[in-house]
Amino acid sequence: MSFPLPRDYSEVDKVVILGMGGSAIGGDLLRSLVSGRTRLLVWSHRDYGLPAFVDERTLVVASSYSGMTEETLDGLSKALATRCKKVVITTGSKLEAMAERHGLPVFRLSYRSPPRAALGYSLIPLVGVLQKLGLIPDLSGEFNEAVRVLEGMCSRLAEDVPLATNNAKGLARRLYRRLPVVYGAGITAPVAYRWKTQLNENAKYWSFSEVLPELDHNSVAGYSLPAELKDVAFVVILEAPALHQRHLDRYVVTRELLDRAGISHTTVNSEGNGVLGQMLSLVFLGDWTSYYLAMLHGNDPNAIPAIDYLKERLSHTPEA
């Protein structure tokens, strides 16, 4: 990876990734991907400011595809007042200008799309930076396998593949006019959140995600009320071979409870042998499903008028 970094950047034990929305999901996936393979603490920060634990042994990565994300700009401005190490990932704009004023390394992206459609550009640079610094093991083998998995899936999920053999179209049909609730566990927990956000932004659907084993300690107690929801809710369970066996055991019993409550559900299985392939195969299926659900409603998956309205309104509100 041809991206020079100061030598002392490798002398960290924590990584904080500043980001929101589509620019933040890469950090979530990275955390799950390297968990158990390194003692490095990886923290996704979706907010203003910085975590209080940021110090000189912390690498702060400000990731904003647009370069205009106000929470990320605020976090980087706070980081400038500390002795932490700093890296910026962006297409340009205010974030790049701030970084250049202070002599920070900038990984500049040139791919143009909505941030949520540029997942590879929020994940791969993060992995590359941490590998370059020797903070995580070499994951190139897993990336190569993941590419093969996604290429194979594309031939089965693309628009010209009919409903009868297209899993994403079939799932979108089942979710049509329902309330999607996506369950994940372990490595599929951030993927479940990705499904939720893609259903929100692409399909314009109200959707939620939950995580095992936590949901088995509370959510299952609420399946019965309000009774009207059992005819509306539809649970999608994301499974993968890399999950802890007790996660898989809990999925079995949770499905039993959903059946007893009369709540519709389906289980989606990952593809691939490596952890990354399993994660990204489920991400890929969720992305295609959200696209087809948008098509069923005649929605433009690219447009996000509610978010545009919110940003416009906030632009007229003085910052504290």
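Residues numbered from 1 in each chain as written. Predicted model: local features only at pLDDT ≥ 70, side-chain atom pairs only at ≥ 80, totals over all residues. Heavy atoms only, no water.

(A) Broad picture of the overall build of the chain. The secondary structure content of the chain amounts to 10 helices and nine strands. What you see for the chain is a C-alpha radius of gyration of 20 Å, in line with the 20 Å of a compact globule of 320 residues. Overall, the chain is about 55 × 45 × 40 Å in size when its C-alpha atoms are taken along their principal axes. Per-residue burial over the chain gives 51% buried out of 320 residues. Element-wise, carbon and sulfur atoms account for 54% of the exposed surface of the chain, whose accessible area totals about 15500 Å². Positive and negative side-chain charges of the chain, numbering 34 and 34 respectively, have mean locations separated by a distance of 1 Å. (Helix = DSSP H or I, 4+ residues; strand = E, 2+ residues; numbered from the N terminus. Rg over C-alpha atoms; globule rule 2.2 N^0.38 Å. Buried < 20%, exposed > 50% of the residue type's maximum accessible area, 1.4 Å probe, protein only. Areas by Shrake-Rupley, 256 points an atom, 1.4 Å probe, with all protein chains shown as cover. Lys, Arg positive; Asp, Glu negative; His and termini not counted. Charge placed at Lys NZ, Arg CZ, Asp CG, Glu CD.)

(B) Fine view of the nonpolar core. If you look at the biggest cluster of nonpolar residues, it comprises 79 residues, and the most contacted ones within it are L30, L59, L130, Y183, W195 and L238. Contacts of L30, omitting those with residues within four sequence positions, involve I17, V42, L123, L126, V127 and L130. In this structure, V54, A79, M98 and A99 belong to the second largest nonpolar core, which totals 14 residues. (Core = buried A, V, L, I, M, F, W, Y, C linked by side-chain atoms within 4.5 Å. Contact = heavy atoms within 4.5 Å.)

(C) Structural detail: the side chain of T254. By the secondary structure assignment, T254 is in helix α8 (residues 245-261). By relative accessible area, T254 is classed as buried at 1%. At 2.8 Å, the side chain of T254 and the side chain of D216 are in polar contact. (Polar contact = N/O pair within 3.5 Å; in protein donor to acceptor, adjacent residues only side chain to side chain.)

(D) Quick look at the sheet that holds strand β8 (residues 233-239). Read across the open sheet, the four strands follow the order β7-β6-β8-β9; overall the sheet is parallel. A strand with exactly one partner marks an edge of an open sheet, and here the two such strands are β7 (208-212) and β9 (264-269). Pairs of neighbouring strands in the sheet enclose a mean axial angle of 25°, with direction left out of account. Taken together, the five bridges between strand β6 (residues 179-185) and β7 define a ladder with parallel strand orientation. (Pairing = 2+ DSSP bridges. Axes fitted to C-alpha atoms, helices over the stretch in contact; angles between N-to-C directions.)

(E) Molecular detail of the packing of aromatic side chains. Summed over the entire model, instances satisfying the criterion amount to eight aromatic pairs. Both rings, one in W288 and one in Y291, keep their centres 6.0 Å apart while their planes meet at 85°; by these two values the pair is edge-to-face. Of this pair, W288 and Y291 both sit in helix α9 (residues 275-297), three residues apart, which is roughly one turn of that helix. Judged by its relative accessible area of 21%, Y291 falls in the partly exposed class. (Phe/Tyr/Trp six-rings, centres within 6.5 Å; stacked < 30°, edge-to-face > 60°.)

(F) Representation of unusual backbone geometry. The omega torsion of the bond from L212 to P213 falls at 5°, within 30 degrees of zero and hence cis. Residue placement: P213 occurs in the loop between β7 and β8. In this structure, P226 follows L225 across a cis peptide bond, with omega equal to -10°. Here P226 is to be found in the loop between β7 and β8. With a phi angle near 60°, S93 is a residue other than glycine that sits in the positive phi range. Position of S93 relative to the elements: it lies in helix α3 (residues 93-101). Residues other than glycine seldom take positive phi values, yet R177 does so here, at roughly 65°. The residue R177 is located in the loop between α6 (167-175) and β6 in this model. Residue class for R177 comes out exposed when judged on its relative accessible area of 62%.

(G) Representation of the sheet that holds strand β4 (residues 85-90) within the structure. The strand order β2-β1-β3-β4-β5 describes an open sheet built from five strands, whose pairing is parallel. Two strands in the sheet have a free side with no partner beyond their single neighbour: β2 (41-45) and β5 (106-108). Each adjacent strand pair in this sheet contributes to an overall mean axis angle of 15°, direction not counted. Looking at chain direction, β4 and β5 are connected through three bridges and run parallel.

(H) A look at the packing of helix α1 (residues 25-34) against helix α7 (residues 189-201). Orientation of α1 relative to α7, taken along the N-to-C sense of each, is 160°, at an axis distance of 8 Å. Overall, the two elements α1 and α7 adopt an arrangement that is roughly antiparallel. Between α1 and α7 lies a crossing whose hand is left-handed. For the pair α1 and α7, contact is made by I25, D28, L29 and S32 and by P190, V191, Y193 and R194, respectively. Looking at the contact of α1 with α7, its residues break down into five nonpolar, one polar and two charged. (Parallel < 35°, antiparallel > 145°, perpendicular 65-115°, else oblique. Left-handed = near helix turned anticlockwise from the far one by under 90°. Nonpolar A, V, L, I, M, F, W, Y, C, P; charged D, E, K, R; others polar.)

(I) The packing of α1 against helix α4 (residues 119-132), seen in detail. For the pair α1 and α4, the least separation of the axes is 8 Å and the interaxial angle reads 50°. As judged from the angle between their axes, α1 and α4 are oblique. At the point where α1 passes α4, the crossing takes the right-handed sense. Residue-level inspection shows I25, G26, G27, L29 and L30 of α1 in contact with α4, the latter providing L119, S122, L123, L126, V127 and L130. Classifying every residue of the contact of α1 with α4 by side-chain character gives eight nonpolar, three polar and no charged.

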